[in-house]
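So you can see what is in the structure, the chains are spelled out below.
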Amino acid sequence: MLKKSGLFLLFVAMSMIIPSTILAANGYKKEYKMSVVVGPKLPWGAGATKFADLVRERTDGRINIKVYTSSSLMAGKQTNEFLIHRQGVAEFCFASTINWSTTIKPLNLFNLPFFFPDYKALDAVTGGEVGAEIANLLHDKGVTLLAWGENGFRELTNSKGPVSKPEDLHGMKVRVVGTPIFIDTMKALGANPVNMNWGDAQVAFQQGVVDGQENPVVAIEIPVKIWQFHKYATIWRYVIDPLMFTVNNKVLASFTPEDQEIIRQAAIEAGAEQRAIVRKGLIAPDLSALETLRSNGMEVVVLNQQERMAFREKTKPVYDKWVSKIGKDLVATAEKAIEASQK
Ligand code: X2X
């Protein structure tokens, strides 16, 4: 009897010191947080939910990931995402390289203006040596890259007029993420960049506080019905925006090897599915996504190679400035992979 009450007291004492978020049996938490910058209805948010669902099903509920959309874990400040991830506030992320590039300079590789000509080039870079190097450097900073997803090539829209040459952008107020290279690029093109978090940006479009913005067509512009605010689109593929499924190293290590494998596999599958969704309608001969913009009243300018090169030329100083910040070797390796992909 004494023994029993002793055990009971021990149990009471333990339950007072063990936080309620921890499940006793396997040491796993009841809930893991996953950060996403955009809302749940966009393909990006949906990709995160898909991943969380796969993990929950395949671990029989042992690992329960809750997706926190709309930058809610960092009070709207999207460029803080890597910091909260590293600290473990967000155990998982489905993140854009753009939002982490203020903290992790090599990720600006994907922000180099007019650097990636097409999806083949991107896949060669993320799926090859550069992708592996990025995974290593993230790992050194406390985070494991599980798989790539995609936001897409970022295309310009605006309310002022058609843009087919750099001069057309002159003086245009364009909303960009608060990331220095975007400011440099827009300034080099003669535009007037305005920093803004995504959460505030949509209100700014509505109120006409800015004239334009840049985001991927299928992943963002169609779901937010950008035609409500902007009548002109320019398909210029100026920057590619890959997404990354990631987990905090310490959190990953707290799972059994079997569960770690389930997590990796779920990220690969959710990433492949999500990438296919956001590319649909943007690769010839299926250009139905551009038709969606047109059928909603937008004038869509698709730059040809020569026109695109005029923009590239204009932003050359941005490239020159950022190569050393990103790392000369990393850029050179990427350039080789891109060249090989075009043969
Ligand atoms: O803020 C943006 O433009 C967005 C949603 O595309 C990113 O998070 C990079």
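Residues numbered from 1 in each chain as written. Predicted model: local features only at pLDDT ≥ 70, side-chain atom pairs only at ≥ 80, totals over all residues. Heavy atoms only, no water.

Undergrad: Got a minute to help me understand the packing of aromatic side chains in this structure?
TA: Remark: the centre distance and the inter-plane angle together describe each pair of aromatic rings, the angle taken between the planes. Overall, the coordinates contain 20 aromatic pairs when judged by the stated rule. Taking 5.2 Å as the distance between ring centres and 40 degrees as the angle between the ring planes, the aromatic pair formed by phenylalanine 51 and phenylalanine 245 counts as tilted. With phenylalanine 51 in helix 2 (residues 43–58) and phenylalanine 245 in strand 8 (residues 232–248), this pair connects stretches of sequence that are 194 residues apart. For the pair formed by phenylalanine 51 and phenylalanine 245, the shared burial category is buried. With a centroid separation of 5.3 Å and an interplanar angle of 80 degrees, the aromatic rings of phenylalanine 115 and phenylalanine 116 are classed as edge-to-face. Comparing phenylalanine 115 with phenylalanine 116, the two get one shared label, buried. (Phe/Tyr/Trp six-rings, centres within 6.5 Å; stacked < 30°, edge-to-face > 60°. Helix = DSSP H or I, 4+ residues; strand = E, 2+ residues; numbered from the N terminus. Buried < 20%, exposed > 50% of the residue type's maximum accessible area, 1.4 Å probe, protein only.)

Undergrad: Explanation requested: unusual backbone geometry in the structure shown.
TA: Among all residues save glycine, negative phi is the norm, and among peptide bonds the norm is trans. Across the junction of alanine 284 and proline 285, the peptide omega takes the value 10 degrees, indicating a cis bond. Position of proline 285 among the secondary structure elements: in the loop between helix 11 (257–279) and helix 12 (288–295). Within the chain, phenylalanine 114 stands out as a residue other than glycine whose phi angle is a positive 55 degrees. Mapped onto the fold, phenylalanine 114 is located in the loop between helix 4 (97–100) and helix 5 (119–126). Overall, the relative accessible area of 0% leaves phenylalanine 114 in the buried class.

Undergrad: Just to check I follow, could you spell out the environment of lysine 173 for this structure?
TA: Tracing the backbone through its elements, the reader meets lysine 173 in strand 5 (residues 173–176). Separated by 141 residues in the primary sequence, lysine 173 and lysine 314 have C-alpha atoms spaced 18 Å apart. Not counting chain neighbours up to four residues away, the residues in contact with lysine 173 comprise Asn192, Val194, Val209, Val210, Asp211 and Gly212. (Contact = heavy atoms within 4.5 Å.)

Undergrad: When you look at helix 2 in this model, what are you seeing that I'm missing?
TA: Given 3.6 residues to a turn, an α-helix orients residues that are three or four positions apart in the same direction. Along its 16 residues, helix 2 runs 22 Å from first to last C-alpha, staying within 8% of the 22 Å computed at 1.5 Å per residue. Among all positions of helix 2, only Pro43, Trp44, Gly45, Gly47, Ala48, Phe51, Ala52, Leu54 and Val55 are buried. A positive phi of about 50 degrees marks aspartate 60, the residue just after helix 2. (Expected span 1.5 Å × (residues − 1).)

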